[in-house]
Amino acid sequence: MPKRNATAAIIGAGDFIGSEIAKKFAAEGFTVFAGRRNGDKLAPLVKDVEAAGGEIHARSLDARKEEEIISFLNDADKHAPLEVCIFNVGANVNFPILDTTERVFRKVWEMACYSGFLAGREAARLMLPRGSGNIFFTGATASLRGGSGFAAFASAKFGLRAVAQAMARELGPKNIHVAHLIIDSGVDTEWVRQRRLEALGPNALDNPDLLMPPSAVADAYWQLYQQPKSAWTFEMEIRPFGEKW
């Protein structure tokens, strides 16, 4: 594996999408810094990356806390120049509007929007002096549509998209690629499978191609990273062939 003198920071390195992103960039030679709320849950990811010959530094990270984001990204940059920062924190909840408490609304916004702002700002602070870098944000169907029961989640995801747009317009001319990836699909996890069975009945999983493998999301981020600056994408939407939209 060719080693790069560069780091990729994954904020929100969960068991599925985040872990696959980490594995992909580690396999391409990046030193990966992976953070999630409970760092102990990163042990399987660390084992997989190291078994494949990659290098990974994993830790607990509360992305809502400014000082933790600053420390996490600064440590990554000190190890080797921070070339890629991917914000992948999820906060998908579904409540009828009358059951959406102010605490739920505020916490979802903190997780899905405010923490993305912190991550993007601090990554930009490190990348701007070098005049290069990549800052990518994970979006969802709710980034574009406020569905029934998703007032909290959609408002936060709309906000994250706006942060990403503003950053892209400001930082693109300074050679920093900012992109927003909309995942318009259920991702193939056990939780999603159970939800589909409950909602659609026993035949809901008959066609495996209607759920998106987490590795496909990682591949999409790698495609964004590889784009030449003469043809950068700000927003990419990905969905299975059979998804209604």
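Owing to the predicted nature of the structure, the values given are computational and were not obtained by experimental measurement.

A. How the structure looks around the sheet that holds strand E5 (residues 133-140). What the seven strands build is an open sheet, ordered E3-E2-E1-E4-E5-E6-E7; its pairing is parallel. Strands at the two margins of the open sheet, each flanked by one partner only, are strand E3 (55-60) and strand E7 (235-238). Neighbour-to-neighbour, the strand axes of the sheet open up by a mean angle of 15 degrees, direction not taken into account. In terms of strand pairing, E5 meets strand E6 (residues 176-183) through eight bridges, oriented parallel. Pairing of Ala 140 across the sheet is with Ile 183, part of E6. Its contacts with the sheet put helix H5 (residues 151-171) on strand E4 (82-87), E5, E6 and E7, and the angle it makes with E5 is roughly 155 degrees.

B. How the structure looks around the pattern of salt bridges. Under the definition given, this model contains 17 salt bridges. For the salt bridge of Glu 110 with Arg 64, the shortest nitrogen-to-oxygen distance reads 3.8 Å. Here Arg 64 lies in the loop between E3 and helix H3 (66-79) and Glu 110 lies in helix H4 (residues 102-127), a separation of 46 residues in the sequence. Residue class for Glu 110 comes out buried when judged on its relative accessible area of 18%.

C. The arrangement of H5 in detail. Between its terminal C-alpha atoms H5 stretches 30 Å, which fits the 30 Å expected from 21 residues at 1.5 Å a residue. All of the buried residues along H5 are Ala 152, Phe 153, Ala 154, Ala 156, Lys 157, Gly 159, Leu 160, Val 163, Ala 164, Met 167, Ala 168 and Leu 171.

D. Broad picture of the packing of aromatic side chains. Applying the stated criterion to the full structure yields 12 aromatic pairs. Aromatic side chains Phe 30 and Trp 222 sit 6.3 Å apart centroid to centroid with 85 degrees between the ring planes, which places their arrangement in the edge-to-face category. Within this pair, whereas Phe 30 is found in the loop between helix H1 (17-27) and strand E2 (31-36), its partner Trp 222 is found in helix H7 (residues 214-226), the two being separated by 192 residues in sequence. Accessibility expressed as a relative area gives 8% for Trp 222, which makes it buried. Centroid distance Trp 109 to Tyr 114: 5.6 Å. Interplanar angle 25 degrees. Geometry classified as stacked.

E. Inspection of the pairing of E7 at higher detail. Of the two faces of E7, only the one carrying Met 236 and Ile 238 is buried; Glu 235 and Glu 237 on the other face are not. Bridge count for E6 against E7 is four bridges, and the pairing is parallel. Its bridge partner lying in E7, Ile 182 is registered against Glu 237.

F. Fine view of the side chain of Thr 138. Structurally, Thr 138 can be placed in strand E5. Among the polar contacts listed, one links the side chain of Thr 138 to the side chain of Tyr 221, at a separation of 2.6 Å. Not counting residues within four places of it along the chain, the set of residues in contact with Thr 138 comprises Phe 87, Asn 88, Lys 157, Leu 160, Leu 181, Ile 183 and Tyr 221.

G. Local environment of the environment of Leu 118. Relative to the assigned elements, Leu 118 resides in helix H4. Considered as a pair, Leu 118 and Ala 63 are 55 residues apart in the sequence and their alpha carbons are 7.9 Å apart. Setting aside anything within four residues of it in sequence, one finds Leu 118 in contact with Ala 63, Arg 64, Lys 65, Glu 66 and Ile 69.

H. Representation of the side chain of Thr 100. Mapped onto the elements, Thr 100 comes out in the loop between E4 and H4. Judged by relative accessible area, Thr 100 falls into the buried class, the value being 17%. Within polar-contact distance, the side chain of Thr 100 engages the backbone oxygen of Pro 96 at 3.0 Å. Those residues in contact with Thr 100 that sit more than four places away from it in its chain are Phe 95, Phe 105 and Ala 152.

I. Structural context of the packing of H1 against helix H2 (residues 43-51). Running from N to C, H1 and H2 cross one another at 20 degrees; their axes reach a closest spacing of 10 Å. By the angle class used here, H1 and H2 are roughly parallel. As for how H1 packs across H2, the hand of that crossing is right-handed. Judged by residue contacts, Ser 19, Ala 22, Lys 23 and Ala 26 of H1 engage Leu 45, Asp 48 and Val 49 from H2.

Cut-offs applied
Residues numbered from 1 in each chain as written. Predicted model: local features only at pLDDT ≥ 70, side-chain atom pairs only at ≥ 80, totals over all residues. Heavy atoms only, no water. Pairing = 2+ DSSP bridges. Helix = DSSP H or I, 4+ residues; strand = E, 2+ residues; numbered from the N terminus. Axes fitted to C-alpha atoms, helices over the stretch in contact; angles between N-to-C directions. Contact = heavy atoms within 4.5 Å. Salt bridge = Lys/Arg side-chain N within 4 Å of Asp/Glu carboxyl O. Buried < 20%, exposed > 50% of the residue type's maximum accessible area, 1.4 Å probe, protein only. Expected span 1.5 Å × (residues − 1). Phe/Tyr/Trp six-rings, centres within 6.5 Å; stacked < 30°, edge-to-face > 60°. Polar contact = N/O pair within 3.5 Å; in protein donor to acceptor, adjacent residues only side chain to side chain. Parallel < 35°, antiparallel > 145°, perpendicular 65-115°, else oblique. Left-handed = near helix turned anticlockwise from the far one by under 90°.

Bear in mind that shape data such as this cannot, by itself, settle questions of function.
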